[in-house]
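# Observations on the three-dimensional arrangement
Okay, here's what each chain looks like letter by letter:
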2 protein chains.
Amino acid sequence: MIALSAVPNTYRLYHYPLDPHSRRVRLTLAEKGIVCDLAIERPWEPSADLIACNPSGEVPVLVVTDGKHSHVLADVCAVCEYIEETHPATQLLGKDPLARAEVRRLVGWFERKFHGEVTSFLLGEKALKRLMGTGEPDSVLIRTGYHNIHGHLDYIGWLAERRNGLAGGELTFADLAAAAQLSVIDYLGDVPWNSHIAAKEWYARIKSRPAFRGLLGDHIAGFPPPRHYADLDF
Amino acid sequence: MIALSAVPNTYRLYHYPLDPHSRRVRLTLAEKGIVCDLAIERPWEPSADLIACNPSGEVPVLVVTDGKHSHVLADVCAVCEYIEETHPATQLLGKDPLARAEVRRLVGWFERKFHGEVTSFLLGEKALKRLMGTGEPDSVLIRTGYHNIHGHLDYIGWLAERRNGLAGGELTFADLAAAAQLSVIDYLGDVPWNSHIAAKEWYARIKSRPAFRGLLGDHIAGFPPPRHYADLDF
């Protein structure tokens, strides 16, 4: 008996290269081996296409087309959980409810606490204000971000010394969420790697994965990354 | 053949009555019919018990004891997804990956956008500053919260007029996340219900569910709720 082949789904991701939430979705798609059309958006000037999909204009937005219909998915957690559910061969969430709870706890930690205490200050003040033309960086907020990153790198190092992946034995969304945040700060040249060797060794492992290559090729016009950004031996 | 009865799990939730994330967990436990020991925390003075479970001192924290071991779960999404996975008889996430993506999108909307644009300003300035003794409320931030709540109530009303539950046909985490945020603002007496009738009708339905009774009995010492707070015909 010959199985009828269904029309394969196609995927289009609206993303912004320096948005860490978009980066977690890109890493997830790449780890799962999903081919996806990438449409770059600038969140402060969303395209008509993006607005038609998501009136809030926020990225990431994943459009899944199944031959008949297009389905619009928004929110980094909603998109990543959807990809995990529909492409279970490579698991990124953990094998049982307790393991998944630990992965989701750490995802929340990095996407809420790390983002709020580090990424929003450094990315917002050093890059987005300049790219958006909305004024001078606030040096107090930048210093706050620099101050806060040390505790987070200590925590990552502490986890990495006890576990293979940050949430346990395997690579999970916890690693991808943490690496997505850090990769944006690294694009700004601002991660004090040499004061945090355990975190650096964990990041070097994640950075050398084939799924990371897309991120290392990012280049924002007028805002190039430092030389070490794409270097696997940084 | 007689099944051996396992020792049932016991549950203890560390929560703060005016914390909307804690409230979503309490609603989830009640909708699932899970008996749970509730330990009230004041997030700005976490108890030694809570610190031992979660060094960040943040609530909600759920401790699950299975007879042999205690497992500590933190982060509102991690806790609620864990409860959903381990108590699937009453489903709160949706029946297929696309439905679940819509539920999770709306959960993110309410717990990130609504919280950031409304709850954090009104709860933070009008209640937490007074309870913590950290100064006078900032009237600009309060006005910002009052301004922002209208768009969110319009959106809730728009969804509620098209769907039975906010994410689709059934009650889901989207309804519980939205109601948890609004119930905190309602405790402050600050929801302009009469300008948003569709949202009010939706909230009246959620508020009348048996699972809501615990929240309606909350009473913060020195900060009582307005009379309509516990009234089902508000």
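Fair warning: this is a prediction, and the values are worked out from it, not measured in the lab.

## Brief notes about helix α4 (residues 97-132) of chain A
Residues and elements named next belong to chain A. Between its terminal C-alpha atoms α4 stretches only 42 Å, short of the 52 Å expected from 36 residues at 1.5 Å a residue. Of the residues that open α4, the one with a side-chain oxygen 3.0 Å from the backbone nitrogen of L98 is D96. Phi for G133, located one or two positions after α4, is positive at around 65 degrees.

## Here's the deal with the pairing of strand β4 (residues 70-74) of chain A
All names here are of chain A. Sheet topology note: the strand β3 (residues 61-65)/β4 ladder contains five bridges and is antiparallel. Across the sheet, the residue bridging to T65 is S70, located in β4. Hairpin connection, β3 to β4: the antiparallel pair is bridged by four residues, and G67 has positive phi, about 100 degrees.

## Quick notes on the side chain of B:E81
Inspection of the secondary structure puts B:E81 in helix α3 (residues 76-86). Sequence-distant contacts of B:E81, that is, excluding residues within four places in its chain, are made with A:E81, A:R104, B:L93 and B:R104.

## Here we look at the sheet that holds strand β4 (residues 70-74) of chain B
Residue and element names in this part refer to chain B. If you walk across this open sheet you meet the four strands as β2-β1-β3-β4, and the pairing is mixed. Because the sheet does not close on itself, it has two edges, and the strands there are β2 (37-40) and β4. With strand direction ignored, the average angle separating the axes of adjacent strands in the sheet is 20 degrees. Those strands touched by α3 are β3 (61-65) and β4, and its axis lies near 125 degrees from that of β4.

## As for the packing of aromatic side chains
Residue and element names in this part refer to chain A. Across all of its chains, the model carries 20 aromatic pairs over all chains by this definition. A ring pair is formed by W109 and Y155, whose centres lie 5.0 Å apart and whose planes are at 50 degrees; its orientation type is tilted. Here W109, found in helix α4, pairs with Y155, found in helix α5 (residues 139-162); they are 46 residues apart in sequence, far enough to count as distant. A cation over an aromatic ring shows up here: K200 above the ring of F234, its NZ or CZ 5.4 Å from the ring centre.

## Side note on the pairing of β2(B)
Taken residue by residue, a regular strand's side chains alternate between the two faces of the sheet. Residue and element names in this part refer to chain B. With four bridges joining them, strand β1 (residues 10-15) and β2 adopt parallel strand pairing. Paired with H15 across the strands is I40, a residue of β2. A crossover links β1 with its parallel partner β2, the connecting element being helix α1 (residues 20-32), and its sense is right-handed.

## So, the sheet that holds strand β2 (residues 37-40) of chain A
All names here are of chain A. Within the open sheet, the four strands sit side by side as β2-β1-β3-β4. Their pairing is mixed. Only two strands of the sheet have a single neighbouring strand rather than two, namely β2 and β4. Each strand of the sheet is rotated relative to its neighbour by a mean of 20 degrees, with strand direction disregarded. In this fold helix α3 (residues 76-86) packs onto β3 and β4, with an angle of close to 125 degrees to the strand it touches most, β4.

## With respect to the relation of the copies chain A and chain B
Mapping chain A onto chain B calls for a screw motion: a turn of 180 degrees about the axis and a shift of 0.0 Å along it, with 0.0 Å RMSD after fitting. In symmetry terms, the pair is related by a two-fold rotation axis. For chain A, the residue whose C-alpha comes nearest the rotation axis is A:R112, separated from it by 4.5 Å. In this assembly, 100% of the residues forming the interface of chain A have copies in chain B that are likewise at the interface, indicating an isologous arrangement.

Definitions and limits used
- Residues numbered from 1 in each chain as written.
- Chains lettered and ligands numbered in written order.
- Predicted model: local features only at pLDDT ≥ 70, side-chain atom pairs only at ≥ 80, totals over all residues.
- Heavy atoms only, no water.
- Helix = DSSP H or I, 4+ residues; strand = E, 2+ residues; numbered from the N terminus.
- Expected span 1.5 Å × (residues − 1).
- Polar contact = N/O pair within 3.5 Å; in protein donor to acceptor, adjacent residues only side chain to side chain.
- Pairing = 2+ DSSP bridges.
- Contact = heavy atoms within 4.5 Å.
- Axes fitted to C-alpha atoms, helices over the stretch in contact; angles between N-to-C directions.
- Phe/Tyr/Trp six-rings, centres within 6.5 Å; stacked < 30°, edge-to-face > 60°.
- Lys NZ or Arg CZ within 6 Å of the ring centre and 35° of its normal.
- Right-handed = clockwise from strand over helix to strand, strands pointing away.
- Least-squares fit on C-alpha atoms with pLDDT ≥ 70 in both.

What is shown is where atoms sit, not what they do.
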